[in-house]
Amino acid sequence: MELTLFTYNYIQDCISASLMLTIFVDCSQEHQLQIVIGDHDGMVQLFSMKRGEVQIGFRAQANKPITRLELGGALGTVKDKIFVSSGNEVRGYTKKGKQFLGFDTNLTEEIKSMHISGSDLLVCGDYVYNHYHDCQDTNYFLSPDKINDVITLPAEKVKSLVPVLACEDRLLRVMRDSEVLYSVELPSPPSALQLFYNDGGENGDQILYGTTDGKIGLVQLGRGSAIHRWVSDGTSSPGGNRKGGVTCMDHHDMTGDGVRDLLVGRDDGTVEVYSYEDGDEAEPTLRFSTACNESITSIQGGIVGNAGYDEIIGSTYTGWVFGLTTEPMDRHMTSESGVVHISQESRQKIQKLRGEIDSLQQQVLKERDRYQAATQSQFPGISAVPFFSVNDKMTLNRSDASYLLSLEVQTAVDNVLLQSDVPIDLLDVEKNSAVVSYSTCDPESGNFLLATYRCQANTTRLEVRIRTIEGQYGTLQAYITPRLQPKCCQVRQYRIKPLSLHSRIHTFDPNRPYNVLTLKGQFTLPEIHSWVVFCLPELPERTPAGEQAEFTFVSTFLDTQLQCQYEAGEAVFRSDNISTISILKDVLTKEATRKKVRLDISCEVSEESVVHALHLLHPRLEAQLMLAKQVSLIDALREVAAHESDTSFLSPEYQNILDKADNLQTQYRKQPCHLERLYGMITDLYIDKYKFKGINVKSRVPQLLEILDNYGTLELQHLINFFQAP
Amino acid sequence: MNILKKIFNWWKPDSKNQAISIYSYDLDGDGVPELITGWSNGKVDARNDRSGEVIFKDNFSSTVAGIVEGDYRMDGKNQLICCSVDGEVRGYQSSTPETRYSMLDVNIEQETIRELSQRRHTLLMELRNYEENQRMGNSGELLYGKPSMAGDQVGVIPANTQLQTGLAINMGTEEKNKPPHVEIALATTNDTVIRSVVIFAEGIFEGESHVFHPRENNLTSSVRVPIYPPKDVPVDLHIKTMVGYKGSLHYHVFELTRQLPRFSMYALCTVPITQPNGHVKFQLQERVARLVMWVNASFLLLEDIVATEDGRLEVSFLSLRTTMPLVIYATSQCEVTIRTDDMDLAGDLMQALANYLNLEDLQVEADFPNEVDQLSGVLERVEEYHSTRQRLSAEMADHSGVIRTLVVRAEDARLMSDMASMKQWYGELYALNKDLISGYKIRCNNHQELLSCLKQVNQTIQKAGRLRYGKSKTAVVAACRQAIKNNNVNALTKIIRLGHT
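Every chain's residues receive numbers from 1 upward, in the order its sequence appears when written. Going through the entries in the order they are written, you letter the chains from A and number the ligands from 1. Restriction of local features to residues with pLDDT of at least 70 applies here, the model being predicted, together with a cutoff of 80 or more for giving and counting side-chain atom pairs; totals for whole chains, interfaces and linings are based on all residues. Think of the side-chain values as coming from all heavy atoms in the structure, minus any hydrogens and water.

- An unreviewed UniProt entry lists chain B under the name Bardet-Biedl syndrome 2, with Meganyctiphanes norvegica as the source organism.

- With an unreviewed UniProt entry as reference, chain A is termed Bardet-Biedl syndrome 7, source organism Meganyctiphanes norvegica.

A look at the overall build of chain A
Next up, step 1: Secondary structure follows DSSP: runs of H or I at least 4 residues long count as helices, runs of E at least 2 residues long count as strands, and numbering of each begins at the N terminus. A count of helical and extended segments in chain A gives nine helices and 44 strands.
Next up, step 2: Here, residues are in contact when the closest pair of their heavy atoms is within 4.5 Å. Expressed as a percentage of contacts within chain A between residues at least 6 apart in sequence, the contacts between residues at least 24 apart total 56%.
Next up, step 3: Carbon and sulfur atoms provide 48% of the accessible area of chain A, an area that totals close to 31300 Å². For accessible areas, the Shrake-Rupley method is used with a probe of radius 1.4 Å. Any residue's cover is judged against the shown protein chains and nothing else.

With respect to the overall build of chain B
Next up, step 1: Within chain B one finds nine helices and 23 strands.
Next up, step 2: Only protein chains enter the area calculation, which uses a 1.4 Å probe; residues under 20% of their type maximum are buried, those over 50% are exposed, and those in between are partly exposed. Each of the 501 residues in chain B was classed as buried or not, and the buried ones make up 42%.
Next up, step 3: A separation threshold of at least 6 residues defines the contact pool for chain B, and within that pool the share at least 24 residues apart is 60%.
Next up, step 4: Carbon together with sulfur atoms contributes 51% to the accessible area of chain B, which is approximately 26800 Å² in total.

Re the pattern of salt bridges
Residue and element names in this part refer to chain B.
Next up, step 1: Put simply, a salt bridge is a Lys or Arg side-chain nitrogen that is within 4 Å of an Asp or Glu carboxyl oxygen. Taken as a whole, this structure holds 49 salt bridges over all chains when the rule is applied.
Next up, step 2: Residue Glu216 pairs with Arg195 through a salt bridge whose shortest N-O separation is 3.1 Å. Of this pair, Glu216 sits in the loop between strand E12 (209-212) and strand E13 (222-227) while Arg195 sits in strand E11 (residues 193-200), and the two are 21 residues apart along the sequence.
Next up, step 3: A residue is classified by how much of its surface remains accessible, and Glu216, at 35% relative accessible area, is partly exposed.
Next up, step 4: Residue class for Arg195 comes out buried when judged on its relative accessible area of 2%.
Next up, step 5: When the shortest N-O distance is used, the salt bridge between Arg312 and Asp310 registers 3.1 Å.

Points about the sheet that holds E13 of chain B
Residues and elements named next belong to chain B.
Next up, step 1: Two strands form a pair only when DSSP identifies at least two bridges running between them. One open sheet holds the three strands; their spatial order is E9-E10-E13, and the pairing between them is antiparallel. Here the strands that pair on one side only, and so sit at the sheet edges, are strand E9 (163-170) and E13. Going from strand to strand, the sheet's axes swing by 20° on average, the running direction of each strand aside.
Next up, step 2: In the sheet, strand E10 (residues 181-188) pairs with E13 via six bridges, with the strands oriented antiparallel. Across the sheet, Ala187 pairs through a bridge with Ser222, a residue of E13. Only C-alpha atoms enter the line fits that serve as axes; for helices the fit covers just the stretch in contact. Angles between N-to-C directions range over 0 to 180 degrees.

As for the packing of helix H7 (residues 674-691) of chain A against helix H9 (residues 716-724) of chain A
Working note: a packed helix pair is described by the angle between its axes plus the distance between those axes.
All names here are of chain A.
Next up, step 1: In contact at an axis separation of 10 Å, H7 and H9 are set at 30° when each is read in the N-to-C sense. Classed by the angle they form, the pair H7 and H9 counts as roughly parallel. Contacts between H7 and H9 involve Ile682, Leu685, Tyr686, Lys689 and Tyr690 on the former and, on the latter, Phe722, Phe723 and Gln724.
Next up, step 2: Residues are sorted three ways: Asp, Glu, Lys and Arg are charged, Ala, Val, Leu, Ile, Met, Phe, Trp, Tyr, Cys and Pro are nonpolar, and all the rest, Gly among them, are polar. For the contact of H7 with H9, the residue count by class is six nonpolar, one polar and one charged. By the definition adopted for this analysis, an angle is roughly parallel if under 35 degrees, roughly antiparallel if over 145, roughly perpendicular if from 65 to 115, and oblique otherwise.

Overview of the sheet that holds strand E13 (residues 136-142) of chain A
Residue and element names in this part refer to chain A.
Next up, step 1: Across the sheet, which stays open at both edges, the four strands sit in the order E10-E11-E12-E13 with antiparallel pairing between neighbours. Strand pairing shows two members of the sheet lacking a second neighbour, strand E10 (113-117) and E13, which therefore form its edges. On average, each strand axis in the sheet is inclined to that of its neighbour by 15°, with strand direction left out of account.

Considerations on the environment of Leu625 of chain A
Residue and element names in this part refer to chain A.
Next up, step 1: With respect to the helices, strands and loops of the structure, Leu625 is situated in helix H4 (residues 607-643).
Next up, step 2: A relative accessible area of 21% means that Leu625 is categorised as partly exposed.
Next up, step 3: Separated by 489 residues in sequence, Leu625 and Gln136 place their C-alpha atoms 64 Å apart.

Let's talk about the packing of aromatic side chains
Next up, step 1: Here the aromatic set is Phe, Tyr and Trp, taking the six-membered ring for Trp, and pairing holds for ring centres within 6.5 Å; pairs whose planes are under 30 degrees apart are stacked, those over 60 apart are edge-to-face, and all others are tilted. The full count for this structure, using the stated rule, is 20 aromatic pairs over all chains.
Next up, step 2: Put simply, the rings of Phe263, Tyr266, Trp294, Phe299 and Phe317 of chain B pair up and form one aromatic cluster.
Next up, step 3: Look at NZ for Lys and CZ for Arg. If either is within 6 Å of the ring centre and within 35 degrees of the ring normal, a charge sits over the ring. One cation-aromatic arrangement involves Arg542 of chain A over Tyr127 of chain A; the distance from NZ or CZ to the ring centre is 4.9 Å.
Next up, step 4: A cation over a ring is seen here: Arg90 of chain B above Phe60 of chain B, with NZ or CZ 4.3 Å from the ring centre.

The following block contains the structure:
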């Protein structure tokens, strides 16, 4: 069934509404719902729609930005109480706007996520999880990495309280009291949680998670372990574009088939509707997808605008509340006379807006003059312009080992300047409409990349794909200038770490041949932790609790592993890739020298590991060469196919290429320079292997490249032999 | 013209892709043709020619190759037909007035509301900026002079900060490997520093922008940005300067636009120089003062030059790119001589001057001995290539006769099952074929050379044309072409020199 939805804009009421959430309270008589929004200025408001007009229910003001809005109520009854978190306070309002709760949690961090279940209140800061029962502090947990979301299994179905924390280190932590019961490893860092079917499924033990790289998955949480039911990968089609990170999910029956559908909002502005065709057994099917170019901050399904028509209500980063309704929009229009009739209410709305804009314009002009006058005056006044909020994210994509930097501002962006002091490559992102221009870099000024993105009118979001080189580290800076007077720009800095292409995992394979790097010296745990954070991405800034720390990483490019174990005075790094160890050794030595700490470094190099790494590289290299070969054949084969009525005389291999031609070409286009990157890795491996022996083999690199160029006809053994030559 | 310009402005900043093909077609059936544009990324869009609003768009998977219209389905109605470089062809039917409104975005009222709300939103945000500024200014708790960090949530600089700009010529330094260039000097009036300068301008950088971003510890309150315009074109430099304090996360952006004079890459020369051989001489019905004004406006000068006391103008420049001299001399009767060996530059100067003075027609006397020598050399070569071509064509005709006999003989031998002779004849045919192929390659090369020579001749004619303005310009080009046609080299050089035969 096709699903067609029409956009309907409600309000954009808040000036700095960078985070708004909508939730509906059942307004029982008319079966129409009311919307509650909270914004960055601390305003909470409830409104409903009556004949296209916004009817404000109540407004309340808090001092700090609203971070979360949740509904609560006694278990088993309708959830009609509004709970709001701002700063480290939690407030409760009835739907009439009466505040019945004002609760200072005394948390040291600001509340980032919150969940309410009956009289249990769960709040999380960046690292702290706190559980209050009837406002009494009951449980407390300090998470090793950032907490992105919190939820509990439905208390109606599961008798005990089972909170689940979504943590940045790719884990779902299932809690019991103040302890972690067990944790579930996920393919990517989770960013949002939702109960399956809004009620946790049949037994109330199923949870949906959305990840920062666009995946959605279902897990069933058992008593002592979890079962992964399904994971949808974050691409729109095989080999297609990657979807944005999931920010929010909800369930509502949009298709009208009696089964609730999954609604998903993403940070690239996509809203999607999936329907469950096989219940919880398999991945749901995409029914509808629309893009609104601003990241979605929350999403809900319900009936709001017009009785009888289901609607998706969403809010965006710039403060829009919009509806996607099943009600056909052209109902309002008649085209008999050939003129589009704009309905009376819309016309009024537009006129009102025009009037408002005119008066604002006057006011702005006056203020602008006053501001200009101040710049001419003799008195040394100040020109103070508040920061505009920037929603930025830099995430590593495991599948093609590149970073995605996304920048979003509340108002239209004029231009963005990217500057980097390390060599990095910018890749084109198709949906960007901004005009990119590279400027020549003078090596004296320490710049390796200077690029400007000039944005089109009304662009509030910019995405840039970045390819880094391991071993090269430094800072990438983005200067963002919005189209807002007085013109200002804000700088955002992103560290490019030495081992930028590694990502966290939680299982370590002890059976590989490992190279071991051991450091001993007079350093404390926080010191060594800060050095490791300096080298590797996806680590929490704060020092882990306890005497010893252990982290495991996998290279997104090669699948080699790295294990870091360290405590005060000693650190051990194990990796089956000698280049990784070499980079770590260089960077850590440099850092320690800078801090004037004496280090005792010892290295155990495993000859086997080089062969092992080559065996890991082999299938990739072969696949890439194969792909390149196949793609080069496509044109010729197509020509043959065009001239022959029947292509069955071709060998199966060629027929296969013809069939998959489009797919192969997109794959090939998607990863330019992949082969060069692999060559670079092998060369590094070769140089590093001999570096540890104290031999400089730079002069032999051309020979190596020659072997690689003829790799298609040679065997892996040939390469291994070359590596093992003395 | 106005309308055209408006649209031009509208879709010029439209995207990072280039327009490949444009067409005018009434796609929505309202009687007014739309501008159909095919883009390099495969997008096809139809725009209202007045507002530039997109009324229809489609996407091909590869670059659009062309757009035409025709009755391809033979049903008596024309369609718009678009073709991509991959060979995909799509046809589009005009919509009738009845179906027209379904094609229009049904969300038109929503779009309007959204657009208006967005404007309101922006205005409100600006207003809030001023309010906050006022509030903080009055509270007096904030002091400038320190970097604004993440916790501050506000960027502060003294209100009377001003940015001074200047354009100047820098003769460069040998040891730092810096060739002579034009320099933009920017300075703030107090202790604020310039973090970065972004200059947007068209046609003088590799991309559309140039970024100046010094190291963090080298930040100062005055910077000099070198630029090297590759061509003599007047350019608007849109300069965005980020001003604040060292280590800030927030900078004020000062935006300003400066015009770079057309001949900025020519430095005023104060020492005597050798007079170039080539020159253009003409009489202007103008006062010398106007000429002086033009020189002041078109060149980058530290101070305005003035005519001498007896009303003459004599000024010499050095090109920063080639270090070739340029001398402009005018008598008090406004008899002007421009001396340079570069015919291109002379043409540029003449066009710019005639434009500035609003002349309708300008005839000049020109003498560029080097160019003329070159031209006659090129013409001789053209002659040679022509004769070679004729010879080669004759050879080819000979060969084709032989081929025919060889084929007949070989086939005869085959029919008579005389395999040995057949082999022999086909062997000879093969050898002949190889000859033909190599002959063809020679002809190809010859043709290429000929084309490049003809191109050079044409360029010289264009240059000669550009020395004149208005009617004289077209007359010179036409006369030159005629001379080439008549193969009259002497006439050609004469036309180039005098502008007529």
